[in-house]
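As a plain string of letters, each chain reads:
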Amino acid sequence: MKNFKKILAVVMAIALIATVFAACGEKEPNAETPEGKMKVGFIFLHDENSTYDKNFIDAAVAACEELGVEYVGKTNIPENADCYEAAADLADSGCSIVFADSFGHEQFVMQAAEEFPNVQFCHATGTMAHTAGLANFHNAFASIYEGRYLAGVAAGMKLNEMIEAGEFTADEAKIGYVGAFTYAEVISGYTSFFLGARSVCPTATMEVQFTGSWYDETGEKEAATTLINRGCKLISQHADSMGAPTACESAGVPNVSYNGSTVATCPNTFIISSKIDWTPYFKYMINCVKEGKAIDADWTGTIATGSVVVTEVNEQAAAEGTQAKLDEVKKGLEDGTIKVFDTSTFTVSNITDTINTGAVVDADKHLTSYKADVNTDAAYEKDTEVVENGQFMESKYRSAPYFDLRIDGITTLNEKF
Amino acid sequence: MASKIVKNHTPLFHIAKRDELPFYKSLLIRIGSIVAALIVCAIVIIAFTGENPLSIYATIVEGAVGTKRRTWGLFQNVAMLLCVSLAVTPAFKMKFWNIGAEGQVLMGGLATIYVMMFYGETLQPAVLYPVMVIASILAGAIWGLIPAVFKALWNTNETLFTLMMNYIAIQLISYYTYVNAVPKGSGQIGIINSDTKAGWFPSLGGYDYLLNIIIVAALTVFMFVYLKYSKHGYELSVVGESENTARYIGINVKKVIIRTMLLSGAMCGIAGLLLVAGTDHSITRETAGGRGFTAIMVSWLAKFNPIYMILTSLLLVFLEKGAIQISTKFQLNPSFSEILTGIIIFFIIGSEFFINYRIMFRHSAKKEVK
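Report on the accompanying structure.

The rules behind the values
Residues numbered from 1 in each chain as written. Chains lettered and ligands numbered in written order. Predicted model: local features only at pLDDT ≥ 70, side-chain atom pairs only at ≥ 80, totals over all residues. Helix = DSSP H or I, 4+ residues; strand = E, 2+ residues; numbered from the N terminus. Buried ≥ 20, exposed ≤ 12 C-beta atoms within 10 Å, placed from the backbone. Core = buried A, V, L, I, M, F, W, Y, C linked by C-beta atoms within 7 Å. Domains from an automatic or database assignment. Contact = placed C-beta atoms within 7 Å. Pairing = 2+ DSSP bridges. Axes fitted to C-alpha atoms, helices over the stretch in contact; angles between N-to-C directions. Nonpolar A, V, L, I, M, F, W, Y, C, P; charged D, E, K, R; others polar.

For the peptide bond that leads from Val182 of chain B to Pro183 of chain B, omega is -10 degrees, which places it in the cis range. By the element assignment, Pro183 of chain B lies in the loop between helix H7 (158–179) and helix H8 (210–229). A positive phi angle, close to 60 degrees, is found at Ser395 of chain A, a residue other than glycine. Mapped onto the elements of the fold, Ser395 of chain A is located in the loop between strand S18 (391–392) and strand S19 (410–412). With 22 C-beta atoms counted inside 10 Å, the residue Ser395 of chain A sits in the buried group.

Structure, rendered in structure tokens:
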């Protein structure tokens, strides 16, 4: 009897596996849905609880609805072989375009792109499409530094208002910034934010605390609290959870957000948020496929394409006249009279073998020449001159940001991330 | 009625331990529990989403085995979960609460990726693969050995110790990916050796995951034999039942603890090898994907029997794959699928109660009928 039991268990295990195989064998992937509607697949790192992913999900649903294509979304796809499996599965199920939203998805999406030459694979924030030589793999990003700059102006006005109200002196106008990694995207973001703030509040300084994670609610909360305890009067962040905004709300410190409005959770401290609106890009890629046109290998959205936006100003927390000032600055950014990375507005004095390597500055420490690592490689080879006409040309040679200079006035508290 | 109870002093029902049930009966109880779970899930589905439960169940099946690719993905994931489950089993059978499998897997993976990155170009494949295997086994075994030694010599709490070792492993991975990140500062190392494929597991007959699956199948047989027929297996189960008995019959308990954890850690190291060299070709903090913890459930549900573990890991992965498809197709938050999985597992665990115990109702009513 005992032996029989064991044999039966084994037989059942085999039978189960056999049925599973039998169930799967026949079905062929169908290229089109019954209605013949075009299908677009999306891969998201987290779900709508992450501000970063919510921003993508909302745009994807909106774009698909507007253009009458079928939306297929996969959430919580990690940055490993699961991402390749998800991308290949979407291609199997007849999607004409597969889009992935997280930086770490890139190479796994490329793996799928090689396998499915007739499906277009698009990837946000990636750096490799312009050198990969894969006709059906594309990167996209937006000149978010313009949005950060605008948000920075709103932050600077808030600092000015608090200085005038006598809450602290002009010298104490210190901003705190919670960053994810010491990655160019983050550095470009906080630098443009700082330059925006300093354009209206000249005495502003900034401290940056890194968390070593794109999504770590506890870590981001702790980092924001640390910065507040160090005397930061205003906090902004580049990380994807609600950690920093909620820390600000409970400490009563003004917060400039990212990826979308956090006013619902933080009604007293939320000032404004910059974000990338991905709807224009999604519409662009879908229309390209519909019309049989090639998608750009490397697409950069701007304020002009409607890709870079700031949310409504929260009157309860923002300084008076913020909206009017922002309208003025936005106009300046659009017509080119204001340049975010104008080299005359910042100085670089710390040039070593590990930081700001290769930067050339004049007698006043203003940048005159710098080569950035635009073509991604393991040796971090600085391959492209990016200073032209007194300006650091961000997002010109590649959509993903490559500004990685540590400028004066910003102190990074922990570099090892 | 009430007066009767008072008279007889018999409760409505009482619980008694069962003798071993015939196999078909315990099978019936198990099937019954799954049917009951599906009914409860159906009620939850209708109450919270208004969707048709049958189409949700169909979607689970579709998500798990709907296409050839999904089926391969299912078996690959079953193999990985099973591998970690096999690894934790000897320790659990010994009642050594190793919740550090996550860290042991990551250390095995870290050793693998290190060899692939820094020796992938210089070593011949005939040397490279054995070095990767040895490095991953050693790394996992050392991560398992440390808490075992402390337990054996100073009787430290292995639960806390192994848990903390996980965090150390995760931070080591963070540091490694920070130092070797591409592009600079991104904290990601990406796919390693994508052009040379040095250190990648070969695909057998065009199937990328087949080698992984074969290795885990072999490990399953090994673990079954080891636990069932080897002297080591017998010794560790005696230590698990009673350390004093073990000592009395002359088993060196310290030696058994250390030896078993070495084996447990080494097998976790192999899981790390399979995940890095045979699956992702990269490493992140999430490479182990929580398998170190899920494995505990797989192992316990199967009562430490490696053959049953095939079924329990298949069940869990099946539900997990189905859950992804549910959230895609019905645009429900993935947490909802996790609720369904929770209900099903609750019922399965509950069914064990009815297999081991029986509920005896008061007999008086029956007697009257007779």
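Time to look at the nonpolar core. A general feature of soluble globular proteins is that nonpolar side chains tend to end up buried together. The biggest cluster of nonpolar side chains holds 127 residues, and the ones touching the most others in it are Ile43, Ala87, Val98 and Ala154 of chain A. Looking at this core, the element that brings in the most residues is helix H6 (residues 144–164) of chain A, giving 10 residues. Looking at which domains feed residues into this core, each of domain 1 (39–143 + 279–301) and domain 2 (144–278 + 304–412) of chain A supplies at least three. Once you skip the residues sitting within four places of it in the chain, Ala154 of chain A turns out to touch Val256, Ile271, Ile272, Val313, Ala318, Thr322 and Leu326 of chain A. Among the nonpolar cores identified, the runner-up in size contains 92 residues, and Tyr209, Val256, Ala288 and Phe318 of chain B belong to it.

Further remarks concern the environment of Ala251 of chain A. Residue and element names in this part refer to chain A. Tracing the backbone through its elements, the reader meets Ala251 in helix H9 (residues 243–251). You can call Ala251 partly exposed: it has 14 C-beta atoms within 10 Å. For the pair Ala251 and Thr225, spaced 26 residues apart in sequence, the C-alpha separation works out to 8.1 Å.

Quick look at the environment of Val313 of chain A now. Residue and element names in this part refer to chain A. Inspection of the secondary structure puts Val313 in the loop between strand S12 (308–310) and helix H11 (322–335). Considering only alpha carbons, one finds Val313 and His46, 267 residues apart in sequence, at a separation of 27 Å. Setting aside chain neighbours within four positions, we find Val313 in contact with Ala154, Ile271, Ile272, Ala318, Thr322 and Gln323.

Moving on, we get to the sheet that holds S19 of chain A. All names here are of chain A. Ordered by their spatial adjacency, seven strands build an open sheet running S12-S10-S9-S8-S6-S7-S19, and the pairing between neighbours is mixed. Sheet topology places S12 and S19 at the edges, where each strand pairs with a single neighbour. Strand-to-strand, the axes of this sheet are offset by a mean angle of 20 degrees, without reference to chain direction. For strand S6 (residues 174–179) and strand S7 (residues 205–210), the ladder comprises six bridges, and the chain directions are parallel. Bridge pairing links Ile175 to Met206 in S7.

The next subject is the interface of chain A and chain B. Contacts between the two partners involve 42 residues from chain A, matched on the other side by 38 residues from chain B. For the side of chain A that touches chain B, the secondary structure elements donating two or more residues are helix H1 (2–25), strand S2 (70–74) and helix H3 (81–92) of chain A. Considering only residue class, the side of chain A that touches chain B consists of 20 nonpolar, 11 polar and 11 charged.

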